[in-house]
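Observations on chain architecture
Each chain, letter by letter, is given below.
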Amino acid sequence: MKIAILPGDGIGTEIVAEAVRVLNVLDLQFETETALVGGAAYEAHGHPLPESTLNLARSADAILFGAVGDWKYDQLERALRPEQAILGLRKHLGLFANLRPALCYEQLTQASSLKPELVAGLDILIIRELTGDIYFGQPRGRRIATDGHFPGAEEAFDTMRYSRPEIERIAHVTFQAARKRSKKVTSVDKANVLETFQFWKDVVTEVHAQYPDVELQHMYVDNAAMQLVKAPKAFDVIVTGNMFGDILSDEAAMLTGSIGMLPSASLDRANKGLYEPSHGSAPDIAGQGVANPLATILSAAMMLRYSLNQPAAADRIESAVKAVLTAGLRTPDIWSAGTHKVGTREMGDAVLAAVTGKTITTKS
Ligand code: NAD
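As the structure is a computational prediction, the values presented were derived from the model and not from experiment.

The rules behind these values
Residues numbered from 1 in each chain as written. Predicted model: local features only at pLDDT ≥ 70, side-chain atom pairs only at ≥ 80, totals over all residues. Heavy atoms only, no water. Helix = DSSP H or I, 4+ residues; strand = E, 2+ residues; numbered from the N terminus. Rg over C-alpha atoms; globule rule 2.2 N^0.38 Å. Buried < 20%, exposed > 50% of the residue type's maximum accessible area, 1.4 Å probe, protein only. Contact = heavy atoms within 4.5 Å. Areas by Shrake-Rupley, 256 points an atom, 1.4 Å probe, with all protein chains shown as cover. Lys, Arg positive; Asp, Glu negative; His and termini not counted. Charge placed at Lys NZ, Arg CZ, Asp CG, Glu CD. Axes fitted to C-alpha atoms, helices over the stretch in contact; angles between N-to-C directions. Parallel < 35°, antiparallel > 145°, perpendicular 65-115°, else oblique. Left-handed = near helix turned anticlockwise from the far one by under 90°. Nonpolar A, V, L, I, M, F, W, Y, C, P; charged D, E, K, R; others polar. Expected span 1.5 Å × (residues − 1). Near = heavy atom within 4 Å. Polar contact = N/O pair within 3.5 Å; in protein donor to acceptor, adjacent residues only side chain to side chain. Salt bridge = Lys/Arg side-chain N within 4 Å of Asp/Glu carboxyl O. Phe/Tyr/Trp six-rings, centres within 6.5 Å; stacked < 30°, edge-to-face > 60°. Lys NZ or Arg CZ within 6 Å of the ring centre and 35° of its normal.

Bringing the overall build of the protein chain into the picture now. What the protein chain contains, in helices and strands, is 12 helices and 14 strands. Scaling as 2.2 N^0.38, a compact globule of 364 residues should have a C-alpha radius of gyration of about 21 Å, and the protein chain matches this with 21 Å. Its C-alpha atoms put the protein chain at 70 × 50 × 40 Å along the principal axes. Counting over 364 residues, the protein chain shows a buried share of 52%. Sequence-distant contacts in the protein chain: of pairs separated by 6 or more residues, those separated by 24 or more amount to 74%. For the protein chain, the accessible area works out to roughly 16,200 Å², and carbon and sulfur atoms hold 51% of it. Positive and negative side-chain charges in the protein chain, numbering 36 and 43 respectively, have mean positions lying 3 Å apart.

Below, the structure written as structure tokens:
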């Protein structure tokens, strides 16, 4: 097994270092190779996704990614901005399925913006199609309108589209993931208004015929947005297109309290994947040693489960994270009165201790 380690920018290097330390104590046989990506790669090689980094990602069985970006690159032309590295990796590696668990740990219910009883024990999985939809559909651009409400006026347009194979493959990923959970899928669409999403609904329903043991319901996206904050625990697995998934997964992130706790996976057809925290490079706290490494550590656990077929090792990491939270350790983003505030390294030390069965200590 070979894991490509791409720490990136900002807090990326700090949090990935902790995840790698945790992976290294698991007694698994794997090789790691580290490469620059994002702003760091632009500084060194003049491109956010150099050929050498892309080749490493291609040759690896899985990729552990930190985060990229910094405000200082905002003036660069779009193709050279750090964030293009993620889009490039998704495109070149065919990473079409984005899995984002939203899990609210009992110990952190106070950090959620919803009432504790609505989120306590929340454990849902949002699956977002990542390479199609209105974000990539052609044609797109600006032009002078020849029809519509204002012929002759300047207008902008995008194209929403999904092909049958694109919907079929994300539907298969979803039903297979649901089989490992409580076998309940909600497919979110806007079939009442959009042709693309009537097609989405039809194809998901057809694929569902191959998974009779899984329950499928369809829901319009506006209702799904409401239900997510009204009764989020009623969901188990949610599957949707690229744009609706972008919005709903961030909404779900907030149910759990802190973006610093949320892992994610982006998978290809063969379950090779890129694993990264759901948050960005947080330039406002980079270099201070206060970033929460748990989303990245939990991303490493997802990597072991989905790409490297090591579910027992993934369970060990996830249990260790629960143990450090139970012991009261908190980075500043999840801190509340009565708990023990720690930095990135101390949180990593505590997870390491828990993974190896040692007592978790807090230095006061
Ligand atoms: P961000 O997610 O980096 O930060 C948002 C807020 O959350 C900040 O206050 C930050 O301090 C806090 N935060 C984020 N992760 C944290 C952690 N692990 N522990 C504690 N606090 C944490 O989003 P932003 O500020 O909008 O963007 C900063 C940069 O990151 C931009 O350049 C953006 O383009 C980039 N970005 C990259 C990715 C990625 O690499 N996948 C994703 C989103 C944003």
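From this point, the discussion proceeds with the structure in view.
Below, the discussion takes up the packing of helix α1 (residues 12–24) against helix α10 (residues 294–306). For any two helices packed against each other, the geometry is given by the interaxial angle and the distance between the axes. Taken N-terminus to C-terminus, the directions of α1 and α10 make an angle of 45°; their axes are 8 Å apart at the nearest point. The pairing of α1 with α10 is recorded here as oblique in orientation. Crossing of α1 over α10 shows right-handed handedness. Together, Ile 15, Val 16, Glu 18, Ala 19, Val 22 and Leu 23 of α1 and Thr 296, Ile 297, Ala 300, Met 303 and Leu 304 of α10 make up the contact between the two elements. Per-class residue counts for the contact of α1 with α10 are 9 nonpolar, 1 polar and 1 charged.

Because the α-helix completes a turn every 3.6 residues, residues three or four places apart line up on one side. Taking 1.5 Å per residue, 13 residues should reach 18 Å; α10 reaches 18 Å between its end C-alpha atoms and fits that length. With respect to burial, α10 is a largely interior element, 11 of its 13 residues being buried. All of the buried residues in α10 are Leu 294, Ala 295, Thr 296, Ile 297, Leu 298, Ser 299, Ala 300, Ala 301, Met 302, Met 303 and Leu 304.

By nearness alone, 19 residues border the ligand, and Val 68, Glu 83, Gly 280, Ala 282 and Asp 284 come closest of all. Measuring from a nitrogen atom of the ligand, one finds a side-chain N or O atom of Glu 276 at 3.1 Å. Separating an oxygen atom of the ligand from a backbone N or O atom of Ala 282 is a distance of 2.8 Å. Relative to its unbound accessible surface of 810 Å², the ligand loses 69% to contact with the protein. The residue makeup of the shell around the ligand, split by class, is 8 nonpolar, 6 polar and 5 charged.

On the secondary structure map, Glu 14 appears in helix α1. In this structure, Glu 14 is buried with no salt-bridge partner, the nearest side chain bearing the opposite charge being Arg 345 at 9.6 Å. In this structure the side chain of Glu 14 is engaged in a polar contact, spanning 3.5 Å, whose partner is the backbone nitrogen of Gly 289. For Glu 14, the contacting residues outside a window of four places in its chain are Ala 286, Gly 287, Gln 288, Gly 289, Val 290, Ala 291 and Thr 344.

What follows concerns the packing of aromatic side chains. A complete count under the given rule lists 6 aromatic pairs for this structure. Ring geometry for Tyr 162 against Phe 197: centres 6.2 Å apart, planes inclined by 90°, an arrangement best described as edge-to-face. Here Tyr 162 is found in the loop between β7 (154–157) and α6 (164–179), whereas its partner Phe 197 is found in helix α7 (residues 195–208), with 35 residues between them in sequence. Across the pair, exposure class does not vary: Tyr 162 and Phe 197 are buried alike. Centroid distance Tyr 162 to Trp 200: 5.3 Å. Interplanar angle 55°. Geometry classified as tilted. Taken as a pair, Tyr 162 in the loop between β7 and α6 and Trp 200 in helix α7 lie far apart in primary sequence, 38 residues in all. Taking relative accessible area as the criterion, Trp 200 reaches 0% and is therefore assigned buried. Put simply, the rings of Tyr 162, Phe 197, Trp 200 and Phe 244 touch in pairs and so form one group of aromatic residues. Looking at Arg 169, its charged tip hangs above the ring of Phe 96, at a distance of 4.1 Å from the centre. A cation over an aromatic ring shows up here: Lys 341 above the ring of Trp 335, its NZ or CZ 4.7 Å from the ring centre.

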